[in-house]
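The chain contents come next:
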Amino acid sequence: MKTDILHSADYQSHTLTSEKNPDVLFDTLIHLLDNRTIPYDKNLITKAYSFALQAHQGQFRASGEPYICHPLAVSITLALYNVDQDSIIAGMLHDIVEDCTGYTMDSIEKEFGADITRIVAGVTKITKMHFSTKEEAAAENIRKMILAMTTDLRVILVKLADRLHNLHTLSSLSIAKQQRIAHESLEIYAPIANRLGLHRIKLQLEDLSLAYTKPESYRQIQTWVQQYEIKEKNLFEETIQTIKNTLAENSVVGTVYGRVKQIYSIYKKIQSTNIPLEDLHDIIAFRVLVDKIADCYAVLGLIHYQWKFIPKRFKDYISLPKSNGYQSLHTTIFSPFGDRMEVQIRTKQMHELAEYGVASHWLYKEKERLDTNDARQYHWLNKIIEEKIIEEDSATFLQSLRFELFQDEVFVFTPNGALIELPEGSCPVDFAYAIHSELGEKCTGARINNVIKPLNTILQHGDIVEIITDSKREPSRNWLNFVKTGKARTKIKAFLRKKERAESILLGKSMVEKVLKKHKIAFSRLAKKDSKLLADTLEHSALKTFDDFFVLVANGTLSPQKIMIYFPESLCEEKHIDKHSEQHSKEYSLPEKRFTEGISLAGMNDILLEYASCCNPVNGDAIVGYISRGRGVVVHNVYCSHLNSYEPERLLSLNWEGHANSPYRTKLILRLSGDSSLQEVTTFFTKAHILIEEANFKTLSNGFAEAQFTIQVPDIAFLYKAIQELEQLQSVKEVYRT
Ligand code: MN
């Protein structure tokens, strides 16, 4: 019976560690496969063995036996768990690419095909990661990541079998390695096994690891358990016999056995309750396996009738399964001698699912489908089982199995191996902000898996991300177009707001200064005033400081003229000023004058600025700012005809001094003649390294054509030179800016 083979798994995996003759191990594997009801390809298994034997030739384990014993042991474990042939072969080959020179994934694929290679590659990828976790949260993330990055569950089954054998042979390694592997197994792999319902693997991983992480406690509990089993031999036998008799008397068919609980679970119990080992109750568990669900409840009734039970400890996981799909009835009874004993009652099928989890899938391969009641045991697998199990074989079934739970997340690493969890679609900027706001603000680029990539690159599972910083760098508004995390978005916006405010203050101040200058009032006199007067007069409660006032002036909410409140003597001349500002608008026909005394754009960083699309000013043009309501300053060329229709109060002269926003967009209109005129012009732009953003072309009636180009140039000097050169072209009759 298959179940018997499975039940012998513990025993077998212990003997695996002592056998040092590869051929004996291989025979064991073949013997196991022969005894399974699932057909297998003996030639292919033999080929994999020869291949691995050749590859690992001359290599030895730290424990002294030929290296090949390890992959053989992994394959045998997988066979014991009834896992499919591809996984067993992958188990045989799992260390070759990492450990043997001259072997690549390609060489494996050539011999064994894409499916097996994919499993080997997956195992190799996980093996390469070394996790050093101090916090529980980090461990949880790593577990999630391993599950998320594994699209084929068989990768995890092979990895767990690999880890199991490594723990069995851990004693030969250095103390440091023992500690790392044991901790990693407890924190990462045992919970993963539990998550997949691989209870039996989980128990082994825990006990084997505990022997290294807490050797004292482990030995103490182990010795005590051995003595207890000898001492209480009668209790075990009598209880089992009593339950058996009860079943027989009531014509229920079932299997009964008893055991002392797992060492690790006893250790955990001591830790959590502080009860010394000798006083621990509840360390014996009996299991009753029956055929039908109805029998479970019948047996429960019979046991409760026979013994006193503790009502609070009764759990019905059949009607309310655990989150990993576990189903069973649990009850705690008092033995005739007063000991507390747990009894677990479940169907054989529930038991196999509980012990072997995902791996038990193959046990039911030949059945048409799991009945719905049993399928419910994996609530997270449930849907996929229902959809896939009828029409597809097990390999396809597991390959298509994805952890939908984690689909929205991506797990990446820092160069130091710390794991960062981000929403799917995140980019290096999100990553940088997730680590530290300062890193986010200074990031200029990223090295992903050692290759420099743009900041908007979408990160993939397992990427190692290194952020390149520049102390002069500042967050850009453009980042908001591709960041994914709320944290990055909020921080970038806050930065831009702060920056915008600083620039607004500067701009508003300059505008106020200009008004004061007109009245021949020194700006420094303002510092002696109380800003409260301003707030009260303007009934603007948001005004707390002069800076607030400057911001409102800069964004066009308030007129800079309002500053004159402080200087009533000048206000008396209000009429005069009004007249003056009427003239003001006419002054714009004299741009040169304004140009020289304008407000400098130095350091403005374009947050407050917008370049008018009607006249497209370029650095070097004489410019005027229009203070738009709520949009900051729109920069126009002084010759722009739109300026005539604007309120003079809102106009502001500006100069480019020190401003370096390159490139600037501008428009040229070209009058052309000749058939190849357009080609001549575009060739010129290409040679001159001028980027054409847009081009429009229309034929005019008189044999001429007109082309309009939107191009990018760094400044006015460059533009003039380009215009001059364009005019030299044969087909170009006329060039002008719009
Ligand atoms: Mn290995």
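Residues numbered from 1 in each chain as written. Predicted model: local features only at pLDDT ≥ 70, side-chain atom pairs only at ≥ 80, totals over all residues. Heavy atoms only, no water.

### Quick word on helix α24 (residues 531-538)
And step 1. Residues Ser531, Leu534, Ala535 and Leu538 constitute the buried set of α24. Along the long axis of α24, the arc covered by the buried residues comes to 95 degrees, so they all point the same way. (Buried < 20%, exposed > 50% of the residue type's maximum accessible area, 1.4 Å probe, protein only. Helix = DSSP H or I, 4+ residues; strand = E, 2+ residues; numbered from the N terminus. Arc of directions from axis to C-beta.)

### What to know about the confidence of the model for the protein chain
And step 1. Looking at the protein chain as a whole, the pLDDT averages 79, with 81% of positions reaching at least 70.
And step 2. The least confident element of the protein chain, judged by mean pLDDT, is helix α18 (residues 372-375) at 33; the most confident is helix α4 (residues 42-55) at 95.
And step 3. Confidence over residues 1-9 falls short of pLDDT 50; this stretch has 20 contacts with residues more than four positions distant or in other chains. (pLDDT = per-residue confidence, 0-100. Contact = heavy atoms within 4.5 Å.)

### A word on the side chain of serine 426
And step 1. For serine 426, the location among the structural elements is in the loop between β7 (419-423) and α21 (428-435).
And step 2. In terms of polar contacts, serine 426 uses its side chain to reach the backbone carbonyl oxygen of proline 423, at 2.6 Å. (Polar contact = N/O pair within 3.5 Å; in protein donor to acceptor, adjacent residues only side chain to side chain.)

### A closer look at the pairing of strand β5 (residues 340-347)
And step 1. Among the 8 residues that make up β5, 7 are buried, leaving the element largely enclosed by the rest of the structure.
And step 2. Here strand β2 (residues 284-290) pairs with β5 via 7 bridges, running parallel. Looking at the pairing, valine 288 lines up with isoleucine 345 of β5.
And step 3. Examined bridge by bridge, strand β4 (residues 329-334) and β5 share 6 bridges and lie antiparallel to one another. (Pairing = 2+ DSSP bridges.)

### Considering the coordination of the manganese ion
And step 1. Those donors, His70 (NE2), His94 (NE2), Asp95 (OD) and Asp162 (OD), are the protein atoms that reach the manganese ion, and they lie 2.2 to 2.3 Å from it.
And step 2. Each donor residue of the manganese ion belongs to the same chain, with the gaps between them written as H-x23-H-D-x66-D. Within this pair, whereas histidine 70 is found in helix α5 (residues 69-80), its partner aspartate 162 is found in helix α10 (residues 153-168), the two being separated by 92 residues in sequence. Residue histidine 70 shares its accessibility class with aspartate 162, and that shared class is buried. (Donors = N, O, S within 2.8 Å, 3.2 Å for Na, K, Ca; no water.)

### Observations concerning the packing of aromatic side chains
And step 1. By the definition in use, this model includes 14 aromatic pairs.
And step 2. Ring centres of phenylalanine 51 and phenylalanine 112 lie 5.3 Å apart, and the angle between their planes is 85 degrees; this geometry places the pair in the edge-to-face category. You can see phenylalanine 51 sitting in helix α4 and its partner phenylalanine 112 sitting in helix α8 (residues 105-128), a full 61 residues away along the chain. Summarising the burial analysis for this pair, phenylalanine 51 and phenylalanine 112 share the class buried.
And step 3. The structure contains a cluster of three or more aromatic residues connected by ring pairs, namely Phe51, Tyr103 and Phe112.
And step 4. When the ring centre of phenylalanine 112 is taken as reference, the NZ or CZ atom of lysine 47 above it lies at 5.1 Å. (Phe/Tyr/Trp six-rings, centres within 6.5 Å; stacked < 30°, edge-to-face > 60°. Lys NZ or Arg CZ within 6 Å of the ring centre and 35° of its normal.)

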